[in-house]
Amino acid sequence: MKSSLLGAVLASALWLGALAQTAEEKVQVLALPVQIAGDYRPVQADRFQKLLEEDVEKLAPNADMIWVDPKDPRLSGLDLSFSMDPDQVAALGQKLKVPLVVWISVAFEKESKLVSGAGDLNPNQSNPAGVQTSNPYRYVVTVGGLGHLQVVDVEKQTALIDGPVALFRSDVTQHPDDGEGFGGLEEELAAQSTDELAERIVKVAQKFVRAAQP
């Protein structure tokens, strides 16, 4: 009787241990250094990468997004300015022992428009730039552009997604156009555009996980 009870306890402990291990397992998503193309770069690549990583892992807690250091010798000989053939990306993924590899390029553009004087403002409207409301102008600032997202299944050497992603953010400010991005507003709008990219990455990663399950 004691032997049967001990066996049951051990079996239960092993099952719980295996369950805990499974729950802790995460799908690694390897991301190549973000490419910000063009002369207009309202946000630094390292900040953009950090925010994108946070967005992905918030939407998919079982995802572990890892960025490759631009100085990693395993990137030697690769031109990251353009998307690559899936087999070329898969070869890199095999070296780094990851199931998914992500490549992202983003090209930003901006537009600003003077829409009215302060007299047209709602007195309860927020002023995110922190400028005195005595400023008689109000601007609509738009930061948009085009992202190119490539996600490669390393084992199958195929692109799960390889195409454009529209990026668009807009806000109102009374901060003058001082040549520094309307007091940082342009940077914030560019940073917020990580949302669209994160959603695409997570959707693909979730389909990949379901397809890989027995």
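Because the structure is a prediction, the values reported are computed rather than measured. (Residues numbered from 1 in each chain as written. Predicted model: local features only at pLDDT ≥ 70, side-chain atom pairs only at ≥ 80, totals over all residues. Heavy atoms only, no water.)

### Quick word on the packing of helix α2 (residues 45-59) against helix α4 (residues 181-192)
Point 1. The interhelical angle for the contact between α2 and α4, taken along N-to-C directions, is 40 degrees, at an axis separation of 9 Å. On the basis of their axis angle, the class for α2 and α4 is oblique. In the crossing of α2 with α4, the sense of the turn from one axis to the other is right-handed. In contact with R47, F48 and L51 of α2, α4 contributes E187, E188, A190 and A191.
Point 2. In terms of residue class, the contact of α2 with α4 is made up of four nonpolar, no polar and three charged. (Axes fitted to C-alpha atoms, helices over the stretch in contact; angles between N-to-C directions. Helix = DSSP H or I, 4+ residues; strand = E, 2+ residues; numbered from the N terminus. Parallel < 35°, antiparallel > 145°, perpendicular 65-115°, else oblique. Left-handed = near helix turned anticlockwise from the far one by under 90°. Contact = heavy atoms within 4.5 Å. Nonpolar A, V, L, I, M, F, W, Y, C, P; charged D, E, K, R; others polar.)

### Examining α2
Point 1. Between the first and last C-alpha of α2 there are 21 Å, a value that for 15 residues agrees with the 21 Å anticipated at 1.5 Å per step.
Point 2. Within α2, burial applies to F48, Q49, L52, D55 and V56. All buried residues of α2 lie within an arc of 130 degrees about the axis, which places them on one face of the element. Residues of α2 that are exposed and angled more than 90 degrees away from the buried face: D46, K50 and K58. (Expected span 1.5 Å × (residues − 1). Buried < 20%, exposed > 50% of the residue type's maximum accessible area, 1.4 Å probe, protein only. Arc of directions from axis to C-beta.)

### Some thoughts on the confidence of the model for the protein
Point 1. Per-residue confidence for the protein gives a mean pLDDT of 81, with 78% of residues at or over 70.
Point 2. Below pLDDT 50 for its whole length, residues 1-24 participates in zero contacts with residues either more than four positions away or in separate chains.
Point 3. Segment residues 118-124 is flagged for pLDDT under 50; beyond a separation of four residues in sequence, or across chains, it makes seven contacts in the model. (pLDDT = per-residue confidence, 0-100.)

### Side note on helix α3 (residues 86-96)
Point 1. For α3, every residue scored as buried is listed here: V89, A90, L92, G93 and L96. The buried side chains of α3 occupy one side of the element, clustering within an arc of 160 degrees when seen end-on.
Point 2. Positioned one or two residues after α3, K97 has a phi angle of 60 degrees, which is positive.

### Some details on the environment of L92
Point 1. Note that L92 resides in helix α3.
Point 2. Judged by its relative accessible area of 3%, L92 is buried.
Point 3. Sequence-distant contacts of L92, defined by excluding residues within four places in its chain, comprise L32, R74, L75 and L78.

### Digging into the packing of aromatic side chains
Point 1. Taken as a whole and assessed by the stated rule, the structure comprises two aromatic pairs.
Point 2. Seen from their ring centres, F48 and F108 are 6.1 Å apart, and the 75 degrees between their planes marks the pair as edge-to-face. On the criterion of sequence distance, the pair formed by F48 in helix α2 and F108 in strand β4 (residues 100-117) is long-range, its members being 60 residues apart.
Point 3. Judged by relative accessible area, which is 1%, F48 ranks as buried.
Point 4. With relative accessibility at 8%, the residue F108 sits in the buried group. (Phe/Tyr/Trp six-rings, centres within 6.5 Å; stacked < 30°, edge-to-face > 60°.)

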